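Structural overview for review
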Amino acid sequence: MSSHRFAVNVTPKPGILDPQGRAVEGSLDHLGIEGVHAVRVGRRVELSVDAADVASARAIVERLASELLANPLIEAYAIERIEPIEAIA
């Protein structure tokens, strides 16, 4: 069994109001930043999963994302495999 690292990025679905994104976008003029629009604010969850292989680990992360980390009515999620912590140091 080996450890696999993943990140789950959760964002509001298209068409769902995003007050945080709107607030960030509204602040850009005060910072003198132009040309940025369609700001969406979400969250990122990084985790390690011990499993026999990458496919098994990804299946666990998929279940976590769909049943716990994201509200399927208003949020979308994307899963990405990331480097193990040991490889980063």
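Residues numbered from 1 in each chain as written. Predicted model: local features only at pLDDT ≥ 70, side-chain atom pairs only at ≥ 80, totals over all residues. Heavy atoms only, no water.

Moving on, we come to the overall build of the protein chain. Looking only at helices and strands, the protein chain features three helices and three strands. Each helix (α) and strand (β) of the protein chain, taken in turn from the N terminus, gives the series β-α-β-α-β-α. Relative to a compact globule of 89 residues, whose C-alpha radius of gyration would be 12 Å, the protein chain shows 17 Å and is clearly more extended. In the protein chain, which comprises 89 residues, the share counted as buried stands at 25%. Across the protein chain, every contact between residues at least 6 apart in sequence was considered, and the portion connecting residues at least 24 apart equals 75%. Summing over all exposed atoms, the protein chain offers an accessible surface of approximately 6300 Å²; the carbon and sulfur share of this is 58%. Averaged over its 9 positive side-chain charges, the protein chain has a centre that lies 5 Å from the centre of its 13 negative ones. (Helix = DSSP H or I, 4+ residues; strand = E, 2+ residues; numbered from the N terminus. Rg over C-alpha atoms; globule rule 2.2 N^0.38 Å. Buried < 20%, exposed > 50% of the residue type's maximum accessible area, 1.4 Å probe, protein only. Contact = heavy atoms within 4.5 Å. Areas by Shrake-Rupley, 256 points an atom, 1.4 Å probe, with all protein chains shown as cover. Lys, Arg positive; Asp, Glu negative; His and termini not counted. Charge placed at Lys NZ, Arg CZ, Asp CG, Glu CD.)

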